[in-house]
Amino acid sequence: MIEATLCFPLRNRSDDGTDEVLLIEKRRGLGEGWYNGPGGKRETGETFRECAARETREEVGLEVEPAALEKAGELTFLLDGEGHTNCHVYRTRSFTGEPTASDEARPEWVSVDEVPYDQMWDDDSRWLPGVLEGRTVRGEFRFAGGEPLDEAAFVDHDLEWDVSLESGRDGSP
Ligand SMILES: Nc1ncnc2c1[nH]c(=O)n2[C@H]1C[C@H](O)[C@@H](COP(=O)(O)OP(=O)(O)OP(=O)(O)O)O1
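Everything numeric in this text was worked out from a predicted model, so none of it was measured.

1. Let's talk about the pattern of salt bridges
Part 1 of the reasoning: Counted according to the given criterion, the structure contains 19 salt bridges.
Part 2 of the reasoning: Of the charged contacts, one joins Glu43 and Arg54 as a salt bridge, the two residues approaching to 3.6 Å between their closest N and O atoms. Residue Glu43 is found in the loop between β4 (39-41) and α1 (48-60), and its partner Arg54 is found in helix α1; the two are separated by 11 residues along the sequence.
Part 3 of the reasoning: When the shortest N-O distance is used, the salt bridge between Arg142 and Asp156 registers 2.6 Å. Of the two residues, Arg142 sits in strand β8 (residues 137-144) while Asp156 sits in strand β9 (residues 153-161), which places them 14 residues apart along the sequence.
Part 4 of the reasoning: Given a relative accessible area of 33%, Asp156 falls into the partly exposed group.

2. A few points about α1
Part 1 of the reasoning: The terminal C-alpha atoms of α1 lie 18 Å apart, and with 13 residues this matches the ideal 18 Å at 1.5 Å per residue to within 8%.
Part 2 of the reasoning: With respect to burial, α1 is a largely interior element, 10 of its 13 residues being buried.
Part 3 of the reasoning: Among the residues of α1, Phe48, Arg49, Cys51, Ala52, Ala53, Arg54, Glu55, Thr56, Glu59 and Val60 are the ones counted as buried.
Part 4 of the reasoning: Among the structural elements, β1 (2-12), β2 (19-26), β4, β5 (70-79), β6 (82-92) and β7 (105-111) are those in contact with the buried residues of α1.
Part 5 of the reasoning: The positive-phi residue at the C-terminal boundary of α1 is Gly61, with phi of around 75°.

Conventions and cut-offs
Every chain is numbered on its own, with residues counted from 1 as its sequence reads. In keeping with the model being predicted, local features are shown solely for residues with a pLDDT of at least 70 and side-chain atom pairs are shown and tallied solely at 80 or more, while totals for entire chains, interfaces and linings include all residues. The basis for every side-chain value is the complete set of non-hydrogen atoms in the structure, without hydrogens or water. By convention in these notes, a salt bridge is any Lys or Arg side-chain nitrogen within 4 Å of a carboxyl oxygen on Asp or Glu. Working definition: helices are DSSP H or I runs of at least four residues, strands are E runs of at least two. Numbering for both runs from the N terminus. For each residue, the accessible area found with a 1.4 Å probe, counting protein chains only, is set against the maximum for its type, and the residue is called buried under 20%, exposed over 50%, and partly exposed in between. Here the expected span of a helix is defined as 1.5 Å times the quantity of residues minus one. By definition, residues are in contact when any of their heavy atoms lie within 4.5 Å.

Following this line, the structure appears as structure tokens:
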């Protein structure tokens, strides 16, 4: 099973108070052409928080302290009945730097009320609105149709809201 992370930096615009989330337009790999949060696969020896912070730095140039990430979700994606990816979801209002494009990602601040769910993974519209409202979620999402995951069809899902995520599946929140 692939172990991966997603990170959603949030800010409140000082001019009109709009709450915004930093999304990326993925430029390559899984989910290419779609919006998502910065994130990616965990490397050997990393905690999930370290992975989310590293991917955010590598993809959009924002510096985030692993300890300043708030755990918001644990998502399992299954493909044709088999576990494919475990994804650990974080959000944070604490970061430094300005978002900068990389080979992997084009960053864009988007109002939390205008997230482009029609240009994202089909499952995102089920769980991301609650995460952006500050809730916690545990979910299982089933896809069918063979690899790659981003060409498979989203079939159905189960969600549990307002869960305790203090201890993740590997013991690292
Ligand atoms: N179904 C679904 N919805 C929302 N987000 C995702 C999925 N499936 C996924 O895999 N993801 C997320 C999880 C990860 O954050 C990315 C995929 O990571 P990927 O680009 O493969 O990982 P990197 O480590 O950045 O890639 P390379 O460096 O190996 O190119 O999508």
